[in-house]
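So the chains spell out like this:
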Amino acid sequence: MRNVYGPYCSRQGEASVKAAQLNTQEIDLMISEARKRGETNAFNMNSLLIKPVQRITKYPLLIGQIMKYAPTESSKLLLSDAMNEMKKTLGDINNQKLNFDIVDR
């Protein structure tokens, strides 16, 4: 997960800028049609590009809520391990983003 999300999140801002530079009329039309079919709630490319960044930050919260209702101690322990891994992943992503920003300057 870190190998995918780390580079993606650290470069998301750059991707957003590049997406804004593209001729997005065709892309906007495809997104609009997908929205009409109920396949997305997105309005433009940037709203799609930011989704993974927004979602990964919510995973620890979701795991925490699931832990409250876990039926057994063993499942709570597994969820606790998952929570710790997600926190490490978010920390790694943050560090990659900081390093990317430093190199990009």
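Everything numeric in this text was worked out from a predicted model, so none of it was measured.

Enquirer: Explain the nonpolar core to me, please; I cannot follow it from the model alone.
Expert: Core analysis: the largest hydrophobic core is formed by nine residues, namely Tyr5, Cys9, Ile56, Ile63, Ala70, Leu79, Met83, Met86 and Ile93. Broken down by secondary-structure element, the contributors of at least two residues to this core are α1 (2-21), α4 (51-68) and α5 (73-104). Residue contributions to this core peak at four residues, all from α5. Apart from residues no more than four positions distant in its own chain, Ala70 is found in contact with Ser75, Lys76 and Leu79.

Enquirer: Sorry if this is basic, but what is going on with helix α2 (residues 25-36) here?
Expert: Since the α-helix packs 3.6 residues into each turn, any two residues three or four apart lie on the same face. For α2, built from twelve residues, the straight-helix expectation of 16 Å at 1.5 Å per residue is met to within 8% by its first-to-last C-alpha distance of 16 Å. Looking at α2, one finds that the buried residues are Ile27, Ile31, Ser32 and Ala34. Buried residues of α2 fall within an arc of 160° about the axis and therefore sit on the same side. Those residues of α2 that are exposed and aimed more than 90 degrees away from the buried face are Gln25, Glu26 and Lys36. Structurally, α2 contributes buried residues whose contacts are with α3 (45-49). Note on α2: the residue one or two positions beyond its end, Gly38, has a positive phi of about 80°.

Enquirer: Honestly, the pattern of salt bridges in this entry has me stumped. Any pointers?
Expert: Between side chains of opposite charge, a pair can form when the charged atoms approach closely. Counting across every chain of the model gives three salt bridges. The residue Glu73 makes a salt bridge to Lys76 at a minimum N-O spacing of 3.9 Å. Pair noted here: Glu73 and Lys76 are both in helix α5, with a separation of three residues, about one helical turn. For Glu73, a relative accessible area of 60% puts it in the exposed group. Classification of Lys76 by relative accessible area gives partly exposed; the value is 28%. With a shortest N-O distance of 3.7 Å, Lys88 and Glu85 are connected by a salt bridge. Here the residue Lys88 and the residue Glu85 both occupy positions in helix α5, the gap between them amounting to three residues, near one helical turn. Overall, the relative accessible area of 47% leaves Lys88 in the partly exposed class.

Criteria and thresholds
Residues numbered from 1 in each chain as written. Predicted model: local features only at pLDDT ≥ 70, side-chain atom pairs only at ≥ 80, totals over all residues. Heavy atoms only, no water. Core = buried A, V, L, I, M, F, W, Y, C linked by side-chain atoms within 4.5 Å. Buried < 20%, exposed > 50% of the residue type's maximum accessible area, 1.4 Å probe, protein only. Helix = DSSP H or I, 4+ residues; strand = E, 2+ residues; numbered from the N terminus. Contact = heavy atoms within 4.5 Å. Expected span 1.5 Å × (residues − 1). Arc of directions from axis to C-beta. Salt bridge = Lys/Arg side-chain N within 4 Å of Asp/Glu carboxyl O.

So far we have only geometry, and geometry alone does not tell us how the molecule works.
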